[in-house]
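Tertiary structure, described
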Amino acid sequence: MTVHTIKPNLQTLHGRFSREISPILTIDSGDIVQYQTLDAGWCNFEQASPFERPTKLAGRNRELDWGHALCGPIAIRGAKAGMTLEIRLNKIRTGAWGWSTGGGWDSYWNRRLGVVEGDEWLMRWRLNPDAGLATNQYGQTLQMSPFMGILGMPPAETGDHSTYPPRFCGGNIDCKELTESARVFLPIPVDGGLFSLGDGHAVQGDGEVSGPALECPMEQVELAFHLLPDLHIDFPRAYTNAGWITFGFHEDLDEAVMIAMDGMIDLLKEQYGMQKNQAVAWSSLVVNLRATQIVNEVKGAHAILPHDALAGLK
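Attention in this report is confined to the structure presented alongside it. (Residues numbered from 1 in each chain as written. Predicted model: local features only at pLDDT ≥ 70, side-chain atom pairs only at ≥ 80, totals over all residues. Heavy atoms only, no water.)

**Thoughts on the sheet that holds strand S14 (residues 183–187)**
The strand order across the open sheet built from nine strands is S1-S4-S16-S6-S14-S17-S18-S20-S19, with neighbouring strands paired in mixed fashion. The outermost strands of the open sheet, each flanked by one partner alone, are strand S1 (3–6) and strand S19 (288–293). The mean inter-strand angle of the sheet, taken between neighbouring strand axes irrespective of direction, is 25°. In the sheet, S19 pairs with strand S20 (residues 299–305) via five bridges, with the strands oriented antiparallel. Residue pairing for S20: leucine 289 is matched across the bridge by alanine 303. The sheet strands contacting helix H2 (residues 253–272) are strand S17 (237–240), strand S18 (243–250), S19 and S20, and the helix crosses S18 at an angle near 145°. (Pairing = 2+ DSSP bridges. Helix = DSSP H or I, 4+ residues; strand = E, 2+ residues; numbered from the N terminus. Axes fitted to C-alpha atoms, helices over the stretch in contact; angles between N-to-C directions. Contact = heavy atoms within 4.5 Å.)

**Considering the environment of alanine 279**
Take alanine 279: it is sitting in helix H3 (residues 276–286). For alanine 279 and aspartate 160, which are 119 residues apart along the polypeptide, the C-alpha to C-alpha distance reads 39 Å. Those residues in contact with alanine 279 that sit more than four places away from it in its chain are Ile265, Leu268 and Met274.

**Some details on the sheet that holds strand S9 (residues 133–136)**
Read across the sheet, four strands follow the order S7-S8-S9-S10 without closing on themselves; strand pairing throughout is antiparallel. The sheet terminates laterally at strand S7 (97–102) and strand S10 (141–143), the two strands that pair on one side only. The average angle at which neighbouring strand axes cross in this sheet is 30°, direction not considered. Here strand S8 (residues 121–128) pairs with S9 via four bridges, running antiparallel. The residue bridging leucine 127 from the neighbouring strand is alanine 134, located in S9.

**Side note on the pairing of S20**
When you tally the buried positions in S20, you get seven out of seven residues, the bulk of the element. Burial along S20 is two-sided: Lys299, Ala301, Ala303 and Leu305 facing one way and Gly300, His302 and Ile304 facing the other are all buried. (Buried < 20%, exposed > 50% of the residue type's maximum accessible area, 1.4 Å probe, protein only.)

**Comments concerning H3**
Turning to H3, its buried residues number three or more, namely Ala279, Ser283 and Val286. Viewed along the axis of H3, the buried residues span an arc of 85°, placing them on a single side of the element. Away from its buried face, by an angle of more than 90 degrees, H3 presents the exposed residues Asn277, Ser284 and Leu285. If you follow the buried residues of H3, they end up packed against H2, S19 and S20. (Arc of directions from axis to C-beta.)

**Topic: the packing of aromatic side chains**
Tallied over the full model, the rule gives nine aromatic pairs. Ring plane angle 85° and centroid distance 5.0 Å describe the contact between tyrosine 108 and tryptophan 109, whose orientation is recorded as edge-to-face. Residue classification places tyrosine 108 among the partly exposed positions, given a relative accessible area of 33%. With a centroid separation of 5.7 Å and 45° between ring planes, the pair formed by phenylalanine 235 and phenylalanine 249 is classed as tilted. (Phe/Tyr/Trp six-rings, centres within 6.5 Å; stacked < 30°, edge-to-face > 60°.)

**Here's the deal with a negative patch on the surface**
Side chains of Asp234, Glu251, Asp252, Asp254, Glu255, Asp262 and Asp266 sit close together on the surface and give a patch of like negative charge. Mapped onto the elements of the fold, aspartate 266 is located in helix H2. (Patch = residues over 30% accessible without salt bridge, like charges linked within 9 Å, V, L, I, M, F, W, Y side chains within 5 Å. Areas by Shrake-Rupley, 256 points an atom, 1.4 Å probe, with all protein chains shown as cover. Salt bridge = Lys/Arg side-chain N within 4 Å of Asp/Glu carboxyl O. Lys, Arg positive; Asp, Glu negative; His and termini not counted. Charge placed at Lys NZ, Arg CZ, Asp CG, Glu CD.)

**Describing the pattern of salt bridges**
Evaluated as defined, the whole model comprises twelve salt bridges. Of the charged contacts in the structure, one is a salt bridge between arginine 16 and aspartate 65, with a shortest N-O distance of 2.4 Å. In this pair, arginine 16 is assigned in the loop between strand S2 (13–14) and strand S3 (25–27) and aspartate 65 in the loop between strand S4 (32–37) and strand S5 (70–76), connecting sequence segments 49 residues apart. For arginine 16, the salt bridge goes to aspartate 160, with nearest N and O atoms at 3.2 Å. Of the two residues, arginine 16 sits in the loop between S2 and S3 while aspartate 160 sits in the loop between strand S11 (147–152) and strand S12 (166–167), which places them 144 residues apart along the sequence. For arginine 16, a relative accessible area of 13% corresponds to the buried category. A relative accessible area of 48% places aspartate 160 in the partly exposed class. Salt bridges sharing common partners tie together Lys176, Glu177, Asp206 and Arg290.

**Section: the side chain of aspartate 31**
Looking at the secondary structure, you find aspartate 31 in the loop between S3 and S4. Arginine 77 provides the closest opposite charge to the buried, salt-bridge-free aspartate 31, at an N-O distance of 5.4 Å. A distance of 3.0 Å separates a polar side-chain atom of aspartate 31 from the backbone nitrogen of aspartate 28. Ignoring any residue separated from it by four or fewer positions in sequence, one finds aspartate 31 in contact with Met1, Thr2, His4, Leu223, Ala224 and Phe225. (Polar contact = N/O pair within 3.5 Å; in protein donor to acceptor, adjacent residues only side chain to side chain.)

**Description of the environment of methionine 218**
Here methionine 218 is to be found in strand S16 (residues 218–228). On a C-alpha basis, the gap between methionine 218 and arginine 112 in space is 32 Å, while along the polypeptide they are 106 residues apart. Apart from residues lying up to four places away in sequence, methionine 218 is in contact with Gln36, Thr37, Phe45, Ile92, Arg93, Thr94, Gly95, Pro146, Phe147, Met148, Gly200 and His201.

**Re the environment of aspartate 106**
Tracing the backbone through its elements, the reader meets aspartate 106 in the loop between S7 and helix H1 (108–113). When its relative accessible area of 51% is taken as the criterion, aspartate 106 is described as exposed. Linking aspartate 106 and proline 23, residues 83 residues apart in sequence, is a C-alpha distance of 36 Å. Each residue touching aspartate 106, except ones within four places of it in the same chain, is listed here: Arg111 and Val116. There is a polar contact of 2.8 Å between the side chain of aspartate 106 and the side chain of arginine 111.

What follows is the structure, encoded as structure tokens:
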């Protein structure tokens, strides 16, 4: 097991998913990678004041890298399309500043909520990772629960792909349950994997209804990577503090919910040997369905099976 370190700079960052981007690092299964990340908007990690407009990283090619600031990609030796990549989130520690907004720009959710017109409500935040607290310019505070919005790999199709929607191979999942100690399982779409991450969030509610969460850089994100050649899944799943989670992504939120439930039924069949109708019956009693996010072109849903929810089964 080797520990690798990645710092954000023009050589380690990109703003699109593509199987044609050369890996910045090749690791072995079992290795650990320690990242420092920028916020999604490519602002410098260090800022003079958390309450002033942050300065941007110089030299970015905006025409090529127009999406979120992602670190990577990294290749995993022996990774083949069809295998599963397990990512263990060992540590997630925010930087010292962040921002969040509401309304003031045109999007389908802002139109529906009636907040396109008028000023954008902008909050700038000082982050204290030791205390786990965020404080805005008005002196208001929030308890932080940091996680990475984007964990993913490029699809098999050639060309450049947006960083905004989540896909079967991960991407902009934006699930607030993927906090420190979670384990994320992603289908590998291309040989080598080519994993990237970014879009740090200090805190977010289910739905991410304004568009951004509390966006921030991360001082350290430590991930451990493990190849699972014999596990074959169609969509991401995760083992978290909240329980087992299965995900669904689709332009139609109803369909995203059903994809998440398909994944949960598969998990119940694997873990408990249930028949499909039995898994559906138990899901109605113990599985919780949530809207992960509704603002990334493709909507996300997740199904949660809480720990010990089925402890009474023999």
